[in-house]
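Structure at a glance
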Amino acid sequence: MSDERYDFVVASNRLPVDRVIDDDGTPNWRPSPGGLVTALEPVMREADGAWVGWAGQPDLELEPFDWDGIRIVPIKLTDDDLENFYEGFSNDTLWPLYHDVIAPPGYHRVWWDSYVSVNQRFANAIAAVSAPGATVWVQDYQLQLVPRMLRQARPDLTIGFFNHIPFPAYGIFSQLPWRTQIIEGLLGADVIGFQRVADAGNFSRAVRRLLGYSTKNPVIEVPARGGVPKRGVIARAFPISIDVASFEHLARSPAVQARAEQIRHDLGNPKTIMLGVDRLDYTKGIGHRLKAFGELLEDGRLKVEDITLVQVASPSRERVETYRQLRDEIELTVGRINGDYGTISHQAVSYLHHGFPREEMAALYLAADVMLVTALRDGMNLVAKEYVAARFDVDGVLVLSEFTGASDELRSALLINPHDIDGLKDAILRAVDMARPERRKRMKALRRRVRENDVNHWSQSFLRALAESRRDAGRGADDTLDDLEWTVERAPRS
Ligand code: G6P
(Lines give C-alpha, C1' and ligand atoms only; values in the text may rest on other atoms or scores of the structure.)
Protein backbone atom coordinates (compact mmCIF):
# COMPACT_ATOMS: atom_id res chain seq x y z
CA MET A 1 0.00 0.00 0.00
CA SER A 2 1.41 3.41 -0.94
CA ASP A 3 1.76 6.00 1.83
CA GLU A 4 0.66 9.00 -0.24
CA ARG A 5 -1.51 11.52 1.60
CA TYR A 6 -4.14 13.80 0.12
CA ASP A 7 -5.53 17.17 1.20
CA PHE A 8 -8.98 16.41 -0.16
CA VAL A 9 -10.60 13.01 0.25
CA VAL A 10 -14.05 11.84 -0.81
CA ALA A 11 -15.56 8.60 0.48
CA SER A 12 -18.64 6.84 -0.82
CA ASN A 13 -19.77 3.25 -0.70
CA ARG A 14 -19.33 2.93 -4.46
CA LEU A 15 -16.24 4.19 -6.20
CA PRO A 16 -16.87 6.34 -9.27
CA VAL A 17 -15.67 3.32 -11.26
CA ASP A 18 -16.78 -0.31 -11.21
CA ARG A 19 -14.37 -3.11 -11.99
CA VAL A 20 -15.63 -5.11 -14.97
CA ILE A 21 -14.19 -8.03 -16.85
CA ASP A 22 -14.10 -7.48 -20.62
CA ASP A 23 -15.12 -10.20 -23.09
CA ASP A 24 -11.50 -11.19 -23.60
CA GLY A 25 -11.08 -11.71 -19.84
CA THR A 26 -9.09 -8.54 -19.05
CA PRO A 27 -10.20 -6.48 -16.08
CA ASN A 28 -11.24 -2.92 -16.87
CA TRP A 29 -12.86 0.09 -15.17
CA ARG A 30 -16.17 1.62 -16.16
CA PRO A 31 -18.00 4.62 -14.60
CA SER A 32 -20.40 3.21 -11.99
CA PRO A 33 -24.18 3.79 -11.89
CA GLY A 34 -25.94 6.33 -9.70
CA GLY A 35 -26.30 10.08 -9.63
CA LEU A 36 -23.57 10.52 -7.05
CA VAL A 37 -20.81 9.75 -9.48
CA THR A 38 -22.07 12.21 -12.06
CA ALA A 39 -22.27 14.85 -9.37
CA LEU A 40 -18.84 14.48 -7.79
CA GLU A 41 -16.53 13.25 -10.48
CA PRO A 42 -15.84 16.67 -12.07
CA VAL A 43 -15.12 18.24 -8.68
CA MET A 44 -12.68 15.50 -7.79
CA ARG A 45 -10.75 15.82 -11.00
CA GLU A 46 -10.35 19.53 -10.36
CA ALA A 47 -9.21 19.06 -6.77
CA ASP A 48 -6.66 16.34 -7.50
CA GLY A 49 -7.89 14.41 -4.51
CA ALA A 50 -8.42 10.80 -3.49
CA TRP A 51 -11.64 8.80 -3.58
CA VAL A 52 -12.16 5.95 -1.13
CA GLY A 53 -14.82 3.34 -1.92
CA TRP A 54 -15.84 -0.14 -3.01
CA ALA A 55 -15.10 -1.42 -6.53
CA GLY A 56 -18.50 -3.09 -7.02
CA GLN A 57 -17.39 -6.75 -6.70
CA PRO A 58 -16.90 -8.91 -3.61
CA ASP A 59 -13.54 -9.97 -2.23
CA LEU A 60 -11.33 -7.78 -4.41
CA GLU A 61 -8.05 -6.76 -2.84
CA LEU A 62 -6.81 -3.89 -5.01
CA GLU A 63 -3.97 -1.40 -4.72
CA PRO A 64 -4.76 2.32 -5.03
CA PHE A 65 -4.39 3.64 -8.61
CA ASP A 66 -5.02 6.75 -10.73
CA TRP A 67 -8.06 6.92 -12.96
CA ASP A 68 -8.60 9.89 -15.20
CA GLY A 69 -6.95 12.30 -12.78
CA ILE A 70 -8.53 10.83 -9.64
CA ARG A 71 -6.64 8.76 -7.06
CA ILE A 72 -8.78 5.69 -6.43
CA VAL A 73 -8.44 3.90 -3.08
CA PRO A 74 -10.43 0.63 -3.20
CA ILE A 75 -11.99 -0.89 -0.06
CA LYS A 76 -12.54 -4.63 0.01
CA LEU A 77 -16.02 -5.89 0.84
CA THR A 78 -16.37 -9.62 1.40
CA ASP A 79 -19.40 -11.72 0.46
CA ASP A 80 -20.52 -11.45 4.07
CA ASP A 81 -20.19 -7.66 3.99
CA LEU A 82 -22.28 -7.58 0.83
CA GLU A 83 -25.01 -9.62 2.44
CA ASN A 84 -25.09 -7.88 5.81
CA PHE A 85 -23.71 -4.37 5.34
CA TYR A 86 -24.75 -3.57 1.75
CA GLU A 87 -27.84 -5.64 0.93
CA GLY A 88 -28.90 -5.91 4.57
CA PHE A 89 -28.45 -2.84 6.73
CA SER A 90 -27.87 -0.28 3.94
CA ASN A 91 -30.51 -1.41 1.48
CA ASP A 92 -33.02 -3.42 3.50
CA THR A 93 -32.99 -1.36 6.73
CA LEU A 94 -31.91 2.23 6.06
CA TRP A 95 -33.14 2.55 2.47
CA PRO A 96 -36.80 1.63 3.17
CA LEU A 97 -36.77 3.39 6.56
CA TYR A 98 -35.46 6.65 5.10
CA HIS A 99 -37.96 6.43 2.23
CA ASP A 100 -40.94 6.58 4.56
CA VAL A 101 -41.21 2.78 4.98
CA ILE A 102 -42.69 2.28 1.48
CA ALA A 103 -41.35 -1.26 2.00
CA PRO A 104 -40.95 -2.72 5.49
CA PRO A 105 -37.40 -2.32 6.87
CA GLY A 106 -35.71 -5.36 8.44
CA TYR A 107 -33.96 -4.90 11.78
CA HIS A 108 -31.28 -7.52 12.33
CA ARG A 109 -28.40 -7.30 14.77
CA VAL A 110 -25.97 -9.13 12.48
CA TRP A 111 -26.66 -6.53 9.79
CA TRP A 112 -25.98 -3.72 12.26
CA ASP A 113 -22.72 -5.34 13.45
CA SER A 114 -21.54 -5.56 9.86
CA TYR A 115 -22.52 -1.91 9.25
CA VAL A 116 -20.37 -0.85 12.21
CA SER A 117 -17.40 -2.92 11.10
CA VAL A 118 -17.50 -1.79 7.44
CA ASN A 119 -17.88 1.86 8.52
CA GLN A 120 -14.82 1.39 10.73
CA ARG A 121 -12.89 -0.05 7.79
CA PHE A 122 -13.77 3.01 5.71
CA ALA A 123 -12.80 5.36 8.56
CA ASN A 124 -9.42 3.62 8.93
CA ALA A 125 -8.72 3.82 5.19
CA ILE A 126 -9.69 7.50 5.05
CA ALA A 127 -7.53 8.30 8.07
CA ALA A 128 -4.60 6.54 6.36
CA VAL A 129 -4.78 8.58 3.12
CA SER A 130 -5.66 11.98 4.64
CA ALA A 131 -2.83 14.50 4.97
CA PRO A 132 -2.58 16.47 8.25
CA GLY A 133 -5.46 18.98 8.38
CA ALA A 134 -7.10 17.51 5.24
CA THR A 135 -10.72 18.00 4.25
CA VAL A 136 -12.82 14.84 3.98
CA TRP A 137 -16.24 14.61 2.37
CA VAL A 138 -18.22 11.47 3.27
CA GLN A 139 -21.21 10.54 1.09
CA ASP A 140 -24.54 8.96 1.83
CA TYR A 141 -26.45 6.66 4.14
CA GLN A 142 -24.12 3.67 3.84
CA LEU A 143 -21.42 5.55 5.80
CA GLN A 144 -23.22 7.46 8.57
CA LEU A 145 -20.91 6.26 11.35
CA VAL A 146 -17.75 7.32 9.54
CA PRO A 147 -17.73 11.02 10.61
CA ARG A 148 -17.57 10.18 14.32
CA MET A 149 -15.07 7.34 13.87
CA LEU A 150 -12.88 9.64 11.82
CA ARG A 151 -13.07 12.52 14.28
CA GLN A 152 -11.97 10.20 17.06
CA ALA A 153 -9.00 8.97 15.05
CA ARG A 154 -8.11 12.29 13.41
CA PRO A 155 -9.33 15.42 15.23
CA ASP A 156 -7.23 17.53 12.83
CA LEU A 157 -9.51 16.77 9.86
CA THR A 158 -12.39 18.89 8.62
CA ILE A 159 -15.25 16.50 7.93
CA GLY A 160 -18.31 16.98 5.75
CA PHE A 161 -21.17 14.54 5.25
CA PHE A 162 -23.84 14.64 2.56
CA ASN A 163 -26.99 12.55 2.74
CA HIS A 164 -28.22 11.88 -0.81
CA ILE A 165 -31.48 10.29 0.25
CA PRO A 166 -34.30 11.74 2.40
CA PHE A 167 -33.98 11.96 6.16
CA PRO A 168 -37.29 10.77 7.64
CA ALA A 169 -39.56 12.38 10.20
CA TYR A 170 -38.80 11.42 13.80
CA GLY A 171 -41.92 9.21 14.10
CA ILE A 172 -40.39 6.96 11.44
CA PHE A 173 -36.68 7.34 12.27
CA SER A 174 -37.36 6.42 15.88
CA GLN A 175 -38.20 2.84 14.81
CA LEU A 176 -34.49 2.23 14.29
CA PRO A 177 -33.02 0.29 17.22
CA TRP A 178 -29.65 2.03 16.61
CA ARG A 179 -31.10 5.53 16.12
CA THR A 180 -28.85 7.18 18.75
CA GLN A 181 -25.66 5.67 17.35
CA ILE A 182 -26.56 6.90 13.86
CA ILE A 183 -27.22 10.45 15.07
CA GLU A 184 -23.99 10.47 17.07
CA GLY A 185 -22.11 9.06 14.09
CA LEU A 186 -23.30 11.91 11.86
CA LEU A 187 -22.57 14.57 14.48
CA GLY A 188 -18.88 13.75 14.10
CA ALA A 189 -19.03 15.91 10.95
CA ASP A 190 -18.55 19.71 10.85
CA VAL A 191 -21.19 20.15 8.16
CA ILE A 192 -24.05 17.74 7.45
CA GLY A 193 -25.77 18.38 4.14
CA PHE A 194 -29.28 17.29 3.15
CA GLN A 195 -31.25 17.54 -0.07
CA ARG A 196 -34.27 19.41 1.30
CA VAL A 197 -34.90 21.92 4.06
CA ALA A 198 -37.39 19.40 5.46
CA ASP A 199 -34.69 16.70 5.72
CA ALA A 200 -32.37 19.00 7.70
CA GLY A 201 -35.33 19.87 9.97
CA ASN A 202 -36.08 16.17 10.54
CA PHE A 203 -32.46 15.54 11.48
CA SER A 204 -32.29 18.49 13.93
CA ARG A 205 -35.52 17.32 15.56
CA ALA A 206 -34.09 13.81 15.96
CA VAL A 207 -30.99 15.31 17.63
CA ARG A 208 -33.14 17.30 20.06
CA ARG A 209 -35.37 14.35 20.86
CA LEU A 210 -32.63 11.76 21.27
CA LEU A 211 -29.75 13.75 22.69
CA GLY A 212 -31.40 16.91 24.03
CA TYR A 213 -28.84 19.18 22.32
CA SER A 214 -29.96 22.68 21.55
CA THR A 215 -30.25 23.67 17.92
CA LYS A 216 -30.45 27.10 16.38
CA ASN A 217 -30.97 26.60 12.70
CA PRO A 218 -28.61 25.69 11.05
CA VAL A 219 -26.27 25.14 14.04
CA ILE A 220 -26.46 22.15 16.38
CA GLU A 221 -24.53 22.64 19.61
CA VAL A 222 -22.65 19.51 20.56
CA PRO A 223 -21.60 19.90 24.21
CA ALA A 224 -18.07 19.24 25.47
CA ARG A 225 -17.47 15.56 26.19
CA GLY A 226 -14.47 13.43 27.20
CA GLY A 227 -11.91 16.21 26.81
CA VAL A 228 -13.35 17.30 23.41
CA PRO A 229 -14.49 20.94 23.63
CA LYS A 230 -18.01 21.93 22.59
CA ARG A 231 -18.55 22.22 18.84
CA GLY A 232 -21.08 23.72 16.49
CA VAL A 233 -22.25 21.39 13.73
CA ILE A 234 -24.01 22.85 10.69
CA ALA A 235 -27.02 20.89 9.39
CA ARG A 236 -28.69 22.39 6.35
CA ALA A 237 -29.96 21.80 2.82
CA PHE A 238 -27.68 21.79 -0.24
CA PRO A 239 -29.85 20.49 -3.10
CA ILE A 240 -27.68 18.44 -5.45
CA SER A 241 -27.71 18.88 -9.20
CA ILE A 242 -26.10 17.73 -12.45
CA ASP A 243 -23.46 19.01 -14.84
CA VAL A 244 -26.05 21.03 -16.75
CA ALA A 245 -23.79 22.50 -19.43
CA SER A 246 -22.21 19.19 -20.38
CA PHE A 247 -25.61 17.51 -20.57
CA GLU A 248 -26.94 20.24 -22.83
CA HIS A 249 -23.78 20.07 -24.92
CA LEU A 250 -24.37 16.37 -25.38
CA ALA A 251 -28.03 16.87 -26.34
CA ARG A 252 -27.03 19.50 -28.91
CA SER A 253 -24.61 17.18 -30.69
CA PRO A 254 -25.79 16.20 -34.19
CA ALA A 255 -25.31 12.51 -33.42
CA VAL A 256 -27.64 12.66 -30.39
CA GLN A 257 -30.25 14.66 -32.30
CA ALA A 258 -30.15 12.18 -35.15
CA ARG A 259 -30.52 9.35 -32.66
CA ALA A 260 -33.58 11.06 -31.13
CA GLU A 261 -35.18 11.19 -34.61
CA GLN A 262 -34.34 7.55 -35.12
CA ILE A 263 -35.95 6.59 -31.80
CA ARG A 264 -39.18 8.38 -32.77
CA HIS A 265 -39.11 6.66 -36.13
CA ASP A 266 -38.44 3.22 -34.62
CA LEU A 267 -41.39 3.68 -32.27
CA GLY A 268 -43.63 4.28 -35.30
CA ASN A 269 -43.71 8.09 -35.03
CA PRO A 270 -46.53 8.24 -32.50
CA LYS A 271 -48.09 11.64 -31.73
CA THR A 272 -46.74 11.44 -28.20
CA ILE A 273 -43.81 9.66 -26.60
CA MET A 274 -43.80 9.48 -22.82
CA LEU A 275 -40.68 8.48 -20.95
CA GLY A 276 -39.85 7.06 -17.53
CA VAL A 277 -36.22 6.54 -16.47
CA ASP A 278 -35.48 4.96 -13.11
CA ARG A 279 -33.40 2.46 -11.26
CA LEU A 280 -35.81 -0.44 -10.77
CA ASP A 281 -36.64 0.60 -7.21
CA TYR A 282 -39.91 0.58 -5.24
CA THR A 283 -39.42 4.22 -4.27
CA LYS A 284 -39.79 5.32 -7.90
CA GLY A 285 -43.55 4.77 -8.24
CA ILE A 286 -43.21 2.87 -11.53
CA GLY A 287 -46.27 0.77 -10.68
CA HIS A 288 -48.38 3.89 -10.01
CA ARG A 289 -47.29 5.34 -13.36
CA LEU A 290 -48.20 2.12 -15.21
CA LYS A 291 -51.54 1.95 -13.43
CA ALA A 292 -52.45 5.50 -14.48
CA PHE A 293 -51.34 4.86 -18.07
CA GLY A 294 -53.15 1.52 -18.28
CA GLU A 295 -56.38 3.08 -17.00
CA LEU A 296 -56.15 5.93 -19.51
CA LEU A 297 -55.93 3.35 -22.30
CA GLU A 298 -58.78 1.38 -20.78
CA ASP A 299 -60.97 4.48 -20.42
CA GLY A 300 -60.27 5.34 -24.06
CA ARG A 301 -58.91 8.73 -23.05
CA LEU A 302 -55.62 7.73 -24.70
CA LYS A 303 -55.25 5.55 -27.80
CA VAL A 304 -52.40 3.14 -28.29
CA GLU A 305 -51.99 4.37 -31.89
CA ASP A 306 -51.20 7.84 -30.59
CA ILE A 307 -48.94 7.25 -27.62
CA THR A 308 -46.11 5.05 -26.40
CA LEU A 309 -44.60 4.94 -22.94
CA VAL A 310 -40.89 4.13 -22.98
CA GLN A 311 -39.90 2.84 -19.55
CA VAL A 312 -36.19 2.45 -18.85
CA ALA A 313 -35.78 0.47 -15.62
CA SER A 314 -32.12 -0.10 -14.89
CA PRO A 315 -31.32 -3.23 -12.85
CA SER A 316 -30.55 -2.56 -9.19
CA ARG A 317 -29.82 -4.51 -5.97
CA GLU A 318 -31.06 -7.68 -7.58
CA ARG A 319 -30.21 -9.96 -4.66
CA VAL A 320 -32.52 -8.08 -2.28
CA GLU A 321 -35.90 -9.84 -2.13
CA THR A 322 -38.04 -6.66 -2.25
CA TYR A 323 -36.30 -5.69 -5.49
CA ARG A 324 -36.89 -9.14 -7.02
CA GLN A 325 -40.57 -8.94 -6.17
CA LEU A 326 -40.81 -5.47 -7.63
CA ARG A 327 -39.30 -6.64 -10.90
CA ASP A 328 -41.85 -9.42 -11.15
CA GLU A 329 -44.73 -7.05 -10.41
CA ILE A 330 -43.60 -4.42 -12.90
CA GLU A 331 -42.96 -6.93 -15.65
CA LEU A 332 -46.34 -8.59 -15.06
CA THR A 333 -48.07 -5.22 -15.30
CA VAL A 334 -46.18 -4.21 -18.47
CA GLY A 335 -47.08 -7.57 -20.02
CA ARG A 336 -50.76 -7.11 -19.13
CA ILE A 337 -50.94 -3.58 -20.53
CA ASN A 338 -49.23 -4.59 -23.76
CA GLY A 339 -51.40 -7.72 -24.04
CA ASP A 340 -54.62 -5.83 -23.41
CA TYR A 341 -54.05 -2.67 -25.45
CA GLY A 342 -51.19 -3.30 -27.89
CA THR A 343 -51.75 -3.99 -31.56
CA ILE A 344 -49.47 -5.70 -34.08
CA SER A 345 -48.09 -2.30 -35.07
CA HIS A 346 -48.34 -0.40 -31.78
CA GLN A 347 -46.88 -1.31 -28.45
CA ALA A 348 -48.26 0.56 -25.42
CA VAL A 349 -45.17 0.22 -23.24
CA SER A 350 -41.64 -0.21 -24.50
CA TYR A 351 -39.92 -1.67 -21.45
CA LEU A 352 -36.13 -1.77 -21.21
CA HIS A 353 -34.51 -3.51 -18.29
CA HIS A 354 -31.00 -2.16 -18.71
CA GLY A 355 -28.94 0.95 -18.23
CA PHE A 356 -27.85 3.12 -21.16
CA PRO A 357 -24.89 5.39 -21.84
CA ARG A 358 -25.37 9.13 -21.40
CA GLU A 359 -25.61 9.69 -25.17
CA GLU A 360 -28.58 7.35 -25.48
CA MET A 361 -30.23 8.93 -22.42
CA ALA A 362 -29.86 12.39 -23.93
CA ALA A 363 -31.43 11.13 -27.18
CA LEU A 364 -34.33 9.58 -25.26
CA TYR A 365 -34.94 12.83 -23.38
CA LEU A 366 -34.99 14.74 -26.67
CA ALA A 367 -37.38 12.25 -28.21
CA ALA A 368 -39.79 12.35 -25.23
CA ASP A 369 -42.71 14.79 -25.34
CA VAL A 370 -43.62 14.00 -21.75
CA MET A 371 -41.28 12.93 -18.95
CA LEU A 372 -42.89 11.06 -16.06
CA VAL A 373 -41.20 11.23 -12.64
CA THR A 374 -43.67 9.70 -10.20
CA ALA A 375 -41.45 8.75 -7.24
CA LEU A 376 -43.21 8.01 -3.94
CA ARG A 377 -40.16 9.40 -2.13
CA ASP A 378 -36.86 10.51 -3.64
CA GLY A 379 -33.95 12.48 -2.16
CA MET A 380 -33.59 14.64 -5.28
CA ASN A 381 -34.22 12.81 -8.60
CA LEU A 382 -31.55 13.87 -11.04
CA VAL A 383 -33.43 12.39 -14.00
CA ALA A 384 -35.87 15.31 -13.78
CA LYS A 385 -32.97 17.75 -13.97
CA GLU A 386 -31.31 15.84 -16.82
CA TYR A 387 -34.52 16.01 -18.85
CA VAL A 388 -34.70 19.77 -18.39
CA ALA A 389 -30.99 20.25 -19.17
CA ALA A 390 -31.31 18.20 -22.37
CA ARG A 391 -34.26 20.22 -23.70
CA PHE A 392 -32.30 23.04 -25.33
CA ASP A 393 -35.25 23.27 -27.76
CA VAL A 394 -37.33 24.61 -24.82
CA ASP A 395 -39.97 21.96 -25.39
CA GLY A 396 -41.29 18.88 -23.56
CA VAL A 397 -43.41 18.59 -20.42
CA LEU A 398 -42.13 17.38 -17.06
CA VAL A 399 -44.66 15.62 -14.82
CA LEU A 400 -43.02 15.59 -11.39
CA SER A 401 -43.90 14.02 -8.07
CA GLU A 402 -44.09 16.44 -5.16
CA PHE A 403 -42.33 13.77 -3.10
CA THR A 404 -39.02 14.35 -4.88
CA GLY A 405 -36.41 16.82 -3.65
CA ALA A 406 -36.38 18.23 -7.20
CA SER A 407 -39.96 19.49 -6.78
CA ASP A 408 -38.74 22.14 -4.30
CA GLU A 409 -36.90 23.81 -7.17
CA LEU A 410 -38.79 22.72 -10.29
CA ARG A 411 -42.07 24.42 -9.44
CA SER A 412 -42.97 24.97 -13.11
CA ALA A 413 -43.32 21.24 -13.73
CA LEU A 414 -46.78 19.65 -13.56
CA LEU A 415 -46.56 18.65 -9.91
CA ILE A 416 -48.44 15.52 -8.93
CA ASN A 417 -49.19 13.26 -5.97
CA PRO A 418 -48.48 9.77 -7.39
CA HIS A 419 -50.82 8.13 -4.85
CA ASP A 420 -53.72 10.06 -6.38
CA ILE A 421 -54.20 7.96 -9.52
CA ASP A 422 -57.04 10.13 -10.86
CA GLY A 423 -54.94 13.26 -10.32
CA LEU A 424 -52.01 11.58 -12.06
CA LYS A 425 -54.21 10.57 -15.02
CA ASP A 426 -55.47 14.14 -15.37
CA ALA A 427 -51.90 15.48 -15.23
CA ILE A 428 -50.77 13.02 -17.92
CA LEU A 429 -53.62 14.14 -20.20
CA ARG A 430 -52.82 17.76 -19.49
CA ALA A 431 -49.21 17.16 -20.41
CA VAL A 432 -50.15 15.30 -23.60
CA ASP A 433 -52.53 18.07 -24.70
CA MET A 434 -50.51 21.05 -23.55
CA ALA A 435 -50.18 23.76 -26.21
CA ARG A 436 -46.75 24.83 -27.36
CA PRO A 437 -46.78 28.32 -25.71
CA GLU A 438 -47.46 26.84 -22.26
CA ARG A 439 -44.89 24.09 -22.77
CA ARG A 440 -42.36 26.69 -23.76
CA LYS A 441 -43.15 28.97 -20.84
CA ARG A 442 -42.85 26.17 -18.31
CA MET A 443 -39.69 24.67 -19.81
CA LYS A 444 -38.06 28.09 -19.94
CA ALA A 445 -38.68 28.61 -16.23
CA LEU A 446 -37.45 25.08 -15.45
CA ARG A 447 -34.28 25.61 -17.45
CA ARG A 448 -33.56 28.85 -15.63
CA ARG A 449 -33.81 27.07 -12.28
CA VAL A 450 -31.67 24.13 -13.33
CA ARG A 451 -28.98 26.43 -14.73
CA GLU A 452 -28.86 28.49 -11.52
CA ASN A 453 -28.04 25.48 -9.40
CA ASP A 454 -25.81 23.08 -11.29
CA VAL A 455 -23.48 20.53 -9.72
CA ASN A 456 -20.70 23.07 -9.60
CA HIS A 457 -22.84 25.40 -7.52
CA TRP A 458 -23.82 22.51 -5.24
CA SER A 459 -20.28 21.40 -4.49
CA GLN A 460 -19.02 24.97 -4.15
CA SER A 461 -21.65 25.91 -1.61
CA PHE A 462 -21.06 22.74 0.42
CA LEU A 463 -17.30 23.15 0.41
CA ARG A 464 -17.59 26.84 1.24
CA ALA A 465 -19.69 25.96 4.28
CA LEU A 466 -17.07 23.39 5.22
CA ALA A 467 -14.22 25.92 4.87
CA GLU A 468 -16.16 28.41 7.04
CA SER A 469 -16.78 25.85 9.74
CA ARG A 470 -13.09 24.98 9.67
CA ARG A 471 -12.19 28.61 10.36
CA ASP A 472 -14.85 28.85 13.09
CA ALA A 473 -13.42 25.73 14.73
CA GLY A 474 -10.02 27.46 14.82
CA ARG A 475 -8.36 24.92 12.54
CA GLY A 476 -7.12 27.73 10.28
CA ALA A 477 -7.65 28.26 6.58
CA ASP A 478 -7.59 25.45 4.07
CA ASP A 479 -5.43 26.30 1.08
CA THR A 480 -6.92 23.49 -1.00
CA LEU A 481 -10.46 24.73 -0.51
CA ASP A 482 -9.71 28.45 -0.41
CA ASP A 483 -7.52 28.61 -3.50
CA LEU A 484 -9.57 26.41 -5.72
CA GLU A 485 -11.73 27.94 -8.39
CA TRP A 486 -14.24 25.13 -8.60
CA THR A 487 -15.20 24.88 -12.20
CA VAL A 488 -16.72 21.85 -13.78
CA GLU A 489 -15.49 20.80 -17.19
CA ARG A 490 -17.94 22.10 -19.73
CA ALA A 491 -17.50 19.52 -22.44
CA PRO A 492 -18.44 15.86 -22.00
CA ARG A 493 -15.55 13.48 -21.59
CA SER A 494 -14.76 11.23 -24.49
C1 G6P B 1 -28.78 6.04 -4.85
C2 G6P B 1 -27.90 6.23 -3.61
C3 G6P B 1 -26.43 6.02 -3.94
C4 G6P B 1 -26.25 4.69 -4.66
C5 G6P B 1 -27.13 4.62 -5.91
C6 G6P B 1 -27.02 3.29 -6.64
O7 G6P B 1 -28.58 7.09 -5.75
O8 G6P B 1 -28.13 7.50 -3.04
O9 G6P B 1 -25.67 6.04 -2.76
O10 G6P B 1 -24.90 4.47 -5.00
O11 G6P B 1 -28.48 4.80 -5.50
O12 G6P B 1 -27.33 2.24 -5.75
P13 G6P B 1 -26.30 1.06 -5.43
O14 G6P B 1 -26.89 0.32 -4.30
O15 G6P B 1 -26.26 0.27 -6.71
O16 G6P B 1 -24.98 1.69 -5.11
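Since the model is a prediction, treat every value here as computed from it, not as a measurement. (Residues numbered from 1 in each chain as written. Predicted model: local features only at pLDDT ≥ 70, side-chain atom pairs only at ≥ 80, totals over all residues. Heavy atoms only, no water.)

Notes on the domain arrangement of the protein chain
Definition in use: The start and end points of each domain follow an automatic or database-based domain assignment. The contact criterion used throughout is that any non-hydrogen atoms of two residues lie within 4.5 Å. Buried area: the accessible area, evaluated with a 1.4 Å probe, that two parts lose upon being put together, summed over both parts. Each salt bridge in this description consists of a side-chain nitrogen of Lys or Arg and a carboxyl oxygen of Asp or Glu lying within 4 Å of one another. Definition of a polar contact: a pair of N or O atoms within 3.5 Å, with one able to donate and the other able to accept a hydrogen when the atoms are protein atoms, and with sequence-neighbouring residues admitted only if both atoms are side-chain atoms. Where helices and strands are cited, they refer to DSSP runs of H or I of at least four residues and of E of at least two residues respectively, numbered from the N terminus. Gly is put with the polar residues, along with every residue not named as nonpolar or charged; the nonpolar set is Ala, Val, Leu, Ile, Met, Phe, Trp, Tyr, Cys and Pro, and the charged set is Asp, Glu, Lys and Arg.
Domain annotation of the protein chain identifies domain 1 (6-240 + 456-489) and domain 2 (244-452). Look at where the C-alpha atoms of domain 1 and domain 2 centre, and you get two points 31 Å apart. Contacts between the two partners involve 23 residues from domain 1 and, on the opposite side, 26 residues from domain 2. Across the domain 1 to domain 2 interface the summed buried area is about 1,900 Å²; carbon plus sulfur atoms make up 55%. With a shortest N-O distance of 2.9 Å, arginine 196 and aspartate 408 are connected by a salt bridge. The tally of links between domain 1 and domain 2 comes to eleven residue pairs in polar contact (both at pLDDT 80 or more). Here the side of domain 1 that touches domain 2 gets seven residues from one element, more than from any other, and that element is helix 2 (residues 79-98). Of the residues contributing to the side of domain 1 that touches domain 2, the split by class is eleven nonpolar, seven polar and five charged.

Regarding the site of the ligand
This is how it is decided: Note on terminology: near, applied to a residue and a molecule or strand, indicates that one of the residue's heavy atoms is within 4 Å of it. For the accessible areas, the method is Shrake-Rupley and the probe is 1.4 Å, while residue cover comes only from the protein chains on display.
Neighbouring residues of the ligand: Arg14, Tyr86, Asn91, Asp140, Tyr141, Gln142, His164, Ile165, Arg279 and Arg317. Here aspartate 140 contributes a side-chain N or O atom positioned 2.5 Å from an oxygen atom of the ligand. In this structure, arginine 317 approaches the ligand through a side-chain N or O atom, which is 2.8 Å from an oxygen atom. Protein burial of the ligand: of its 380 Å² of free accessible surface, 88% is covered by the chains. Split into classes, the residues belonging to the shell around the ligand amount to three nonpolar, three polar and four charged.

Digging into unusual backbone geometry
Looking along the chain, the bond that leaves asparagine 217 and enters proline 218 is cis, with omega of 0 degrees. By the element assignment, proline 218 lies in the loop between strand 10 (215-216) and strand 11 (219-222). One non-glycine residue, valine 101, lies in positive phi territory at about 45 degrees. With respect to the helices and strands, valine 101 occurs in the loop between helix 2 and helix 3 (109-129). Its identity is not glycine, yet arginine 317 carries a phi of approximately 45 degrees, on the positive side.

Considerations on the pattern of salt bridges
Per the counting criterion, the structure on display carries 35 salt bridges. In this structure, the salt-bridge partner of glutamate 87 is arginine 319, at a minimum N-O distance of 2.8 Å. Taken as a pair, glutamate 87 in helix 2 and arginine 319 in the loop between strand 14 (307-314) and helix 11 (321-341) lie far apart in primary sequence, 232 residues in all. A salt bridge links arginine 264 to aspartate 369, with the shortest nitrogen-to-oxygen separation between them at 3.2 Å. Residue arginine 264 is located in helix 9 (residues 254-266), and its partner aspartate 369 is located in the loop between helix 12 (358-367) and strand 16 (370-373); the two are separated by 105 residues in the primary sequence.

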